[in-house]
Each structure stands twice: as C-alpha cells, then as structure tokens.
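Inside the fold
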Amino acid sequence: LRDIEEIIIHCSATYPSMNIGVKEIRQWHLERGWDNIGYHYVITRDGVVQNGRSEDVAGAHAKGHNQKSIGVCMVGGLARDGRQACNFTAKQWDMLEWLVFTILRNRYPAAEIIGHNDISEKTCPTFDVKAWAKDLI
C-alpha cells in the first residue's frame, strides 16, 4: 500500500448544469494523454460517490503530491458566467463529509485534508478546505 499523507479536494471546474461524473472526466483525462482519470473519487451533483483510480495507484491530480495522496473531485465550481463559484449541492457536501471523515480518515488517520489551492496556484476547489475540515473534526 502507498503511504498516504494527504487527502486533496478538487473541483471539476464545470457549470452547475453539467451533470457529469467519472466517465466524462476519465475521457477528458485520456484526451490529455493520461492513462486514466486522475482522481480516486468523484462526487456528482446528485451526491453519488463514484470510484475513479484505485487507491493503491498514484493519482494524477496534484503535481508533486500524487504519490502520497488521495484525490477527491467535487463536480462543479464554475458559475454560469464562467467565474469560479462554490456552488456544490447539499448532497455533495454531505457525501464529501462522509467520504473524507468516515471512509478515508479511518483508512489514513494521519492524512492532512487540504484543497488543491493549498499546494498550487489554482483556485480549485473554490473553498477553504482546511476551514471546512476544521469545523467537522
């Protein structure tokens, strides 16, 4: 098993009207020349947690951090006008909390919960993951 030090939260940078999931994101990543979807999990707009890459395989979601992390992608993150927006559904928030704190934190108790924006110049996932996680611990 890989030594997991981080659980990194992302967004798909898609509009609220785009009801996508692992299938579409995998296709986008394949078109970029990757061998699979970069994330380990995707949470759809209706709150379904879909499996991406196997947890025992390094992701392709956070340059310099892939070997030691699990990547979780929330579908959404763009407003209708194309600007970033923290526009996730209540079901997505519920499932993110369940996935991170009930499943992943039990598997990887020492893992830090961070946003992609904590380790890159990106705005993804459009919210402060550390503040979100702190409120739930």
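Everything below is about the structure shown above.
Residues numbered from 1 in each chain as written. Predicted model: local features only at pLDDT ≥ 70, side-chain atom pairs only at ≥ 80, totals over all residues. Heavy atoms only, no water.

Here the focus is the overall build of the chain. When helices and strands are tallied, the chain shows three helices and five strands. Along the chain, from the amino end to the carboxyl end, the secondary structure elements read β-α-β-β-β-α-β-α. A globule of 137 residues ought to have a C-alpha radius of gyration of about 14 Å, and the chain, at 14 Å, matches this closely. Once the C-alpha set of the chain is aligned to its principal axes, its extents read approximately 40 × 35 × 30 Å. When burial is assessed residue by residue, the chain has 49% of its 137 residues classed as buried. Nonlocal contacts in the chain, meaning residues at least 24 apart in sequence, comprise 64% of its contacts between residues at least 6 apart. Of the roughly 7,300 Å² of accessible surface on the chain, a fraction of 48% belongs to carbon and sulfur atoms. (Helix = DSSP H or I, 4+ residues; strand = E, 2+ residues; numbered from the N terminus. Rg over C-alpha atoms; globule rule 2.2 N^0.38 Å. Buried < 20%, exposed > 50% of the residue type's maximum accessible area, 1.4 Å probe, protein only. Contact = heavy atoms within 4.5 Å. Areas by Shrake-Rupley, 256 points an atom, 1.4 Å probe, with all protein chains shown as cover.)

Here the focus is helix α2 (residues 90-107). The end-to-end C-alpha distance of α2 is 25 Å, a good match for the 26 Å that 18 residues give at a rise of 1.5 Å each. Of all the bends in α2, the largest measures some 25° and sits at V100. Every buried residue of α2 is accounted for by Q92, L96, L99, V100, F101 and L104. In the core, the buried residues of α2 are packed alongside β1 (6-11), β2 (41-43), β3 (49-51), β4 (69-74), β5 (112-115) and α3 (129-136). (Expected span 1.5 Å × (residues − 1). Bend = angle between axes of the 7 residues up to and from the residue.)

Mapped onto the elements, C124 comes out in the loop between β5 and α3. For the pair C124 and H61, spaced 63 residues apart in sequence, the C-alpha separation works out to 11 Å. Setting aside chain neighbours within four positions, we find C124 in contact with H10, C11, H116 and N117.

It is worth spelling out the state of the cysteines at this point. Applying the stated criterion across every chain, the model contains zero disulfides. Left unpaired, C86 is separated from the closest cysteine sulfur, that of C11, by 8.9 Å. For C86, a relative accessible area of 42% translates into the label partly exposed. Of all cysteine sulfurs in the structure, the one in C11 sits closest to C124, which takes part in no disulfide; the separation is 4.3 Å. (Disulfide = S-S within 2.5 Å.)

Moving on to helix α1 (residues 22-31). One turn of the α-helix equals 3.6 residues, which is why residues spaced by three or four share an orientation. Listed in full, the buried residues belonging to α1 are V22, I25 and H29. Buried residues in α1, looked at end-on, bunch into an arc of 70°, giving them a common side. Exposed side of α1, more than 90 degrees from the buried face: K23 and E31 are the residues found there. Looking at the packing, one finds that the buried side of α1 touches β2, β3 and β4. (Arc of directions from axis to C-beta.)

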